[in-house]
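# Geometric and topological summary
Listed below, chain by chain, are the residues.
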Amino acid sequence: MQESTQGESKTAQLIIDGTTYELPIVVGSENERGIDIRNLRSATGCITLDPGYGNTGACTSDITFLNGEKGILRHRGYAIEDLCEQGTFLETAYLLIYGDLPDETQNEEFVTDITRHTLIHENLRHVFQGFPLKAHPMAIISSMVCSLSAFYQESYDWGDTQNTDITIRRLIAKLPTIAAFAFKKSCGQPFIYPDNSLRYSANLLKMLFGVPCESYEADPDEAAALDQLLILHADHEQNCSTSTVRLVGSSRANLYAAISAAISALWGPLHGGANQAVLEMLQRIHDDGSKVEKYVELAKDKDADFRLMGFGHRVYKNFDPRARIIKKTCDRILEKMGVSDPLLDIAMELEEAALRDEYFVERKLYPNVDFYSGILYRALGIPTEMFTVMFAIGRLPGWIAQWREMILAPDMRIGRPRQIYNGPVARPFVPLAKRGPCPARSAG
Ligand code: CMC
């Protein structure tokens, strides 16, 4: 492949079987470059092959810029550090979804609208009773979010912008209520209804930790720390769950269904589920006598099927800027609460040991957002199984923004990757009585 310049626009030249094809090079606002291959197959008969999509851009986007080599994360041009320090989660949500920070009037309207949609339909409330006590809260929230579409069927008309705006507000308002109810269900406590006099994160803490027989007021520093955690998770461009929202949404499935699918994608331990996996790993190391070096060695052993959870990232080949921010807040909150958490000590030891180990240095494996978020959630009293749920609440505005950008894009098409088929070529059908056993099932 070669690069050439024709007038102002650049192209890449691809030579297949002696024929040269010109492919346009698309340049983003931060000078990221991509080769536009949308006509490749019709022109050449070839497709590209990229398992895991490490080099595949599925869209152009104005929402989030991240530079994994330099450890930069910006939403609509605003640095994540500034949003965390000076913004609120709902302002960040507005920024992601509508393209800029709201002014005072817009902010007031947005916050009021969301506050007024926090209740869930009483019939939906009864659905919680059907889940087993030990159900994972991610299973509950993905089902419940999909169920919302049964209650708000106008959301099927995805071309109606007014409906879309209401659906967006309903989702942001109701997900914390659903999440808190899922938690209450797991511990056999009564559901605590939302309190619309409270701000978003304080209300979430109250629904999680309040009980009808006692008054509860969230500590303002803890509510602020939670708000910051939600901001930190708000978007991260085309990750697994966001790509899921885009793919499901591209079939014109309603937004609730697309978000429910994203929640399922987030659940996995290589993605959002890593925050739960980190805590479980730290606990395992602690229970095993805090032998940090043993686990660093285990993570390097290709036969061991063990990874250092909370380490490594497909895009970041430097410190994840979100991990730095969380670590600072974590230190501050733990100090204020007077909590000394042995798992935090192990986490710090593990980080140090990994960062000086050749294996991790060579592969540029640094702590990611999930490495310290679990310690902070734990300090806030949030149980391990709820960590990924908190991630989902934070990521919701990003999913919505990416979905909205996609449906408004003039070049939107249903997402439909291709493949290179490698299976058997055409063969005659063998009647049941004449067949041998299926080799894949009879081996061993
Ligand atoms: N521990 C040990 N080795 C690792 C780790 C790790 N955490 N992560 C990557 N590697 C090794 C991997 O074995 C491979 O080695 P080699 O080149 O010798 O085969 C090399 O580093 C590259 O790894 P990869 O699996 O090809 O990288 P990827 O981009 O496909 O995967 C990742 C990225 C995040 C899934 C992976 O680093 C990982 O599994 N990390 C642990 C899980 C985790 O913390 N996930 C949260 C990600 S951040 C938040 C989010 O996305 O939700």
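Figured I'd write up the structure that's included with this text. (Residues numbered from 1 in each chain as written. Predicted model: local features only at pLDDT ≥ 70, side-chain atom pairs only at ≥ 80, totals over all residues. Heavy atoms only, no water.)

## What about the packing of aromatic side chains?
How we decide: Planes of paired rings set the category: under 30 degrees apart is stacked, over 60 is edge-to-face and the rest tilted, where pairs are Phe, Tyr or Trp rings (Trp by its six-membered ring) whose centres lie within 6.5 Å. Under the DSSP-based scheme used, a helix requires at least four consecutive residues in state H or I and a strand at least two consecutive residues in state E, with every element numbered from the N terminus. Exposed residues in this analysis have more than 50% of their type's maximum accessible area, buried residues have under 20%, and partly exposed residues fall in between, with area computed by a 1.4 Å probe over protein chains only. A ring is considered to have a charge above it if a Lys NZ or an Arg CZ atom is located within 6 Å of its centre and within 35 degrees of its normal.
Across all of its chains, the model carries 17 aromatic pairs by this definition. Summarising the aromatic geometry, the rings of Phe 181 and Tyr 193 are spaced 6.2 Å apart at their centres and angled 85 degrees between planes, so their arrangement reads as edge-to-face. Here Phe 181 is found in helix H7 (residues 161-187), whereas its partner Tyr 193 is found in the loop between H7 and helix H8 (200-209), with 12 residues between them in sequence. Each ring, one from Phe 319 and one from Tyr 366, has its centre 5.2 Å from the other, and the planes form 50 degrees; the classification is tilted. Taken together, the residues span a long stretch of sequence, with Phe 319 in the loop between helix H13 (292-300) and helix H14 (321-337) and Tyr 366 in the loop between helix H16 (358-362) and helix H17 (369-379) at a distance of 47 residues. Overall, the relative accessible area of 19% leaves Phe 319 in the buried class. Positioned over the ring face of Tyr 372 is Lys 327, at 5.7 Å from the centre of the ring. One Lys or Arg, Arg 363, reaches over the ring of Tyr 359 and ends 3.8 Å from the middle of that ring.

## Points about the site of the ligand
Which entries qualify depends on this criterion: Proximity is defined per residue: if any heavy atom of the residue lies within 4 Å of a molecule or strand, that residue is considered near it. Contacts described as polar in this section are N or O atom pairs within 3.5 Å, which, within protein, must combine one atom able to donate a hydrogen with one able to accept it, while residues neighboring in sequence count only if both atoms come from side chains. Each accessible area is a Shrake-Rupley estimate made with a 1.4 Å probe; only the visible protein chains count as cover when residues are assessed. Polarity classes work like this: nonpolar for Ala, Val, Leu, Ile, Met, Phe, Trp, Tyr, Cys and Pro, charged for Asp, Glu, Lys and Arg, and polar for all others, with Gly in that last group.
In the vicinity of the ligand there are 22 residues, among which His 271, Arg 307, Leu 308, Gly 310 and Arg 314 approach most closely. A distance of 2.6 Å separates an oxygen atom of the ligand from a polar atom in the side chain of His 271. Arg 314 places a side-chain nitrogen or oxygen 2.7 Å from an oxygen atom of the ligand. Protein chains bury 74% of the 930 Å² of accessible surface belonging to the ligand in isolation. Among the residues making up the shell around the ligand, the classes are represented as 11 nonpolar, six polar and five charged.

## Observations concerning helix H11 (residues 255-267)
The cut-off we apply is this: For a helix, the expected span equals 1.5 Å multiplied by the residue count minus one. The contact rule is simple, with two residues in contact once any of their heavy atoms fall within 4.5 Å.
Between the first and last C-alpha of H11 there are 18 Å, a value that for 13 residues agrees with the 18 Å anticipated at 1.5 Å per step. Regarding H11, the residues found buried are Leu 255, Tyr 256, Ala 257, Ala 258, Ile 259, Ser 260, Ala 262, Ile 263, Ala 265 and Leu 266. Looking at the buried residues of H11, the elements they touch are helix H6 (137-151), H7, helix H10 (240-249) and helix H18 (387-408). Between a side-chain oxygen at the N-terminus of H11 and the backbone nitrogen of Tyr 256 the separation is 3.0 Å; the capping residue is Asn 254.

## So, the environment of Gly 45
Along the chain, the position of Gly 45 falls in the loop between helix H1 (40-44) and strand E5 (64-67). Separated by 298 residues in sequence, Gly 45 and Leu 343 place their C-alpha atoms 55 Å apart.

## Observations concerning the pairing of strand E6 (residues 72-75)
Here is the rule we go by: Only strands that DSSP links by at least two bridges are regarded as paired with each other.
Here E6 shows a clear split, with Leu 73 and His 75 buried on one side and none of Ile 72 and Arg 74 buried on the other. With four bridges joining them, E5 and E6 adopt antiparallel strand pairing. What sits directly across from Leu 66, in E6, is Leu 73. Between E5 and E6, which pair antiparallel in sequence order, lie four residues; one of them, Gly 71, sits at a positive phi of approximately 70 degrees. Sheet topology note: the E6/strand E7 (residues 78-79) ladder contains two bridges and is antiparallel. By the bridge assignment, His 75 is partnered in E7 with Tyr 78. Turn length for the E6-E7 hairpin, with the two strands adjacent in sequence and antiparallel, is two residues, and the turn residue Arg 76 shows positive phi of about 50 degrees.

## Details of empty space enclosed by the protein
Basically, it comes down to this: Points on a 1 Å grid, built from protein atoms alone, make a cavity when a 1.4 Å probe fits but cannot get out and make a pocket when they are open with protein on both sides within 12 Å along at least 5 of 7 lines; residues with an atom within 4 Å of a point are the lining residues. Grid points are joined across faces, edges and corners, and a volume is the space filled by probe spheres set on the points.
Here the structure, examined in full by the defined rule, presents one cavity of 30 Å³ or more. Estimated volume of the largest cavity: approximately 40 Å³. Taken together, Ser 155, Asp 157, Trp 158, Asn 163, Thr 164, Thr 167, Leu 255 and Trp 403 make up the full set of residues lining the largest cavity. Looking at the lining of the largest cavity, the element that brings in the most residues is H7, giving three residues.

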